[in-house]
Amino acid sequence: MNEDVDVAIVGAGAAGLAAAVRAKETGAERVVVIDRNSELGGILPQCIHTGFGLHYFQENLTGPEYVTRFIEKAKELGVQVKTDTMVLNVQPDRSLLTANSREGLVRMKPRALVLAMGCRERARGAIGIPGSRPAGIFTAGTAQRLMDVEGYMPGSKIVILGSGDVGMIMARRFSLEGAKVEAVVEMLPYPGGLPRNVVQCLEDFGIPLLLRHTVTSILGRDRVSGVVIAGLDENGTPMPGTQRALDCDTLILSVGLIPENELSEGAGLQMDQATGGPVVDERMQTSADGIFACGNVVHVHDLVDHVTETGIKAGEGAALFAMGRLPPLTSRIPVVPSSGIRYVVPQVVSGDNAVTLFLRVKSPVRNARLSVGNFTVPVRVARPAETVAVKLTEGRIRALAKGKEIPVSLEVTS
Amino acid sequence: MPEKKITCIVCPMGCEATVVVQGNEILKAEGLECQRGKEYVAREIKAPMRDFFTVVQVRGAKVAVCPVRSTKPVPKGKLAECSRELADVAIAAPVKAGDVIMRDILGLGVDMVATMGVEQAAEEEGGRR
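The shown structure was predicted, so the numbers you read here are calculated from the model rather than taken from an experiment. (Residues numbered from 1 in each chain as written. Chains lettered and ligands numbered in written order. Predicted model: local features only at pLDDT ≥ 70, side-chain atom pairs only at ≥ 80, totals over all residues. Heavy atoms only, no water.)

### So, the pattern of salt bridges
All names here are of chain A. We apply this condition: For this analysis, a salt bridge means a side-chain nitrogen from Lys or Arg found within 4 Å of a carboxyl oxygen belonging to Asp or Glu. Helix and strand assignments come from DSSP, with helices taken as H or I runs of at least 4 residues and strands as E runs of at least 2, each series counted from the N terminus. Exposure classes here rest on a 1.4 Å probe applied to the protein chains alone. A residue is buried below 20% of its type maximum, exposed above 50%, and partly exposed in between.
Counting across every chain of the model gives 27 salt bridges over all chains. The salt bridge partner of lysine 73 is glutamate 76, with a shortest N-O separation of 3.8 Å. Of the two residues, lysine 73 and glutamate 76 are both situated in helix H2 (residues 63-77); the distance of 3 residues between them amounts to about one turn of the helix. Classification of lysine 73 as partly exposed rests on a relative accessible area of 31%. Its salt-bridge partner being glutamate 411, residue arginine 369 comes within 3.3 Å of it at the nearest N-O pair. Note that arginine 369 is positioned in strand E27 (residues 365-372) and glutamate 411 in strand E30 (residues 406-412), a separation of 42 residues in sequence. Classification of glutamate 411 as partly exposed rests on a relative accessible area of 44%. When salt bridges with common partners are traced through the structure, they connect Arg36, Arg120, Glu260 and Glu262 into a single cluster.

### Comments concerning the domain arrangement of chain A
Residues and elements named next belong to chain A. Going by this rule: Domain boundaries shown here were taken from an automatic or database domain assignment. By the convention used here, residues are in contact when the closest approach between their heavy atoms is within 4.5 Å. A simple way to read buried area is as the amount of 1.4 Å-probe accessible surface that goes missing from two parts once joined, with both sides added. Counting of polar contacts relies on pairs of N or O atoms within 3.5 Å, with two restrictions inside protein: one atom must be capable of donating a hydrogen and the other of accepting it, and residues adjacent in sequence are counted only when both atoms are side-chain atoms. Each residue is assigned to one class: nonpolar for Ala, Val, Leu, Ile, Met, Phe, Trp, Tyr, Cys and Pro, charged for Asp, Glu, Lys and Arg, and polar for all the others, Gly among them.
Domain boundaries assigned for chain A yield domain 1 (1-121 + 257-328), domain 2 (123-255) and domain 3 (330-414). Its C-alpha centre places domain 2 at a distance of 34 Å from the equivalent point of domain 3. Taken together, the contact between domain 2 and domain 3 spans 5 residues of the former and 7 residues of the latter. Looking only at domain 2, the three residues that lose the most surface to domain 3 are Tyr190, Leu194 and Pro195, adding up to 82% of its buried area. For the interface between domain 2 and domain 3, the tally reads 0 salt bridges. Between domain 2 and domain 3 we count 0 residue pairs in polar contact (both at pLDDT 80 or more) in total. Classifying every residue of the side of domain 2 that touches domain 3 gives 3 nonpolar, 2 polar and no charged.

### Notes on unusual backbone geometry
Going from valine 345 of chain A to proline 346 of chain A, the amide bond is cis rather than trans, its omega being 0°. For proline 346 of chain A, the position within the fold is in the loop between strand E24 (341-345) and strand E25 (348-349). The residue after alanine 93 of chain B, namely proline 94 of chain B, is reached through a cis peptide bond having omega 0°. On the secondary structure map, proline 94 of chain B appears in the loop between strand E8 (90-92) and strand E9 (100-102). Unlike most non-glycine residues, glutamine 58 of chain A shows phi in positive territory, near 50°. With respect to the element layout, glutamine 58 of chain A can be found in the loop between strand E3 (50-52) and strand E4 (61-62). The backbone of aspartate 104 of chain B shows a phi angle near 50°, a positive value even though the residue is not glycine. Relative to the assigned elements, aspartate 104 of chain B resides in the loop between E9 and strand E10 (112-114). Judged by its relative accessible area of 39%, aspartate 104 of chain B falls in the partly exposed class.

### Description of the pairing of strand E12 (residues 157-161) of chain A
All names here are of chain A. To be explicit about the condition: We treat two strands as partners when DSSP finds at least two bridges between them. The path from the first strand over the helix to the second decides the hand: if it runs clockwise while the strands point away from the viewer, the crossover is right-handed.
Taken across its 5 residues, E12 has 4 buried, putting it largely inside the fold. With 5 bridges joining them, E12 and strand E13 (residues 180-185) adopt parallel strand pairing. Paired with valine 159 across the strands is alanine 183, a residue of E13. Crossover handedness for the path E12 to helix H5 (residues 165-176) to E13: right-handed.

Right, here's the structure in full:
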């Protein structure tokens, strides 16, 4: 009860570990990371593919290699870890209720708190595919865990719904382990994941990517025996006459990720409907004093390197807050997404510090002009799958933050 | 003359190149905006290389498998063969990250190394053998 903690961090994935390391480096004495899993690292240990760390380390690492660096650093700096521990709730005053089988219920009131719970996969229930409920339907992340941590093969003839990165990466893994991937079926007219994954995970293995298609029914009684797919019209409605059955024993869902924010909502934090995460300022502080958030709990990132950067900011802010050395922001100016922009993070800036805005466009564009207040930059190409980063120097953001709000919009120029 | 479509993945522009090839020679490449893209397409036609990674079985540990990667990229056309080569490999815990699991796979001059440490399970934990 009431342990003396400077910085508590909920979640030991890429964001939480970066925050823990930075909090220690900044001078916080007692830093505790809490995770419900028995291992540290979040989702990264099961991401056995390369492509991690190209920005942060300028090295091409696998998920396990990337996260091991942070786990080792955290250990070396004396970060305490509480694994197999669930955080049941967070109060606006930063107190948390945790539970595990060793200590039972424990209340903790850290001087600063970092939320780093990450995100969850959208599952079948969230997209409402009709049909029976046979075995053989997995989310992409579950299939990844089965194959690459637990050593089981989820199926042999596979259809993947959704062209998110994890789904495409699993298409490659299935192919290399001897399964046949019949198709990747995508509702939208463009792929959901990064171009490099379309090339190296689908094209390399001759896997058809069916854009503007969806699964309209799942067949099979005990085990999936096939799916019915259909072409979609402009409004996303299945077109009569385009339905056809594909034989398969497994359906993989890669249909989006949702920030996991039950704790944030319970704490009464101000939320952003567009990101599904808490509103943060340039120091990753939420609407509650001393509660910070970072990584995929704030918005779903496409690169772990960026997750790490947000963890570093949150960890530094939390440590300074805990030591009573975080100066309050002089103002809170909202950054408001306007035409063509789905969301912008951080949602609030002060103008006191240089800031990088991360934003997501609504649909793919070429040759456009991005406006942040009266500051404009040309954008050659932007896709919903890739966040756009806009660096604003201290001088520029100070000037922009003089108004009531900072609108961000995208306009096609040709 | 055979024409190939290649999406350049060097930068976020994602240029769509149309390439006319004869054997391994590029006769014409259209739709690329920069030199790096031209080099990428040349590599993709002549000798495309890919990182290779998979898992191998591990005995005497709490987990069933250990992730491994190639120390350097391997030829794209050899990925499936590399995967088969490692399909029946089983190693014994403990494993340290960086341990060489297979030297010079298929004679490609590339080693396969563990990307994560795997601890040995205590007897009473009933590790998988």
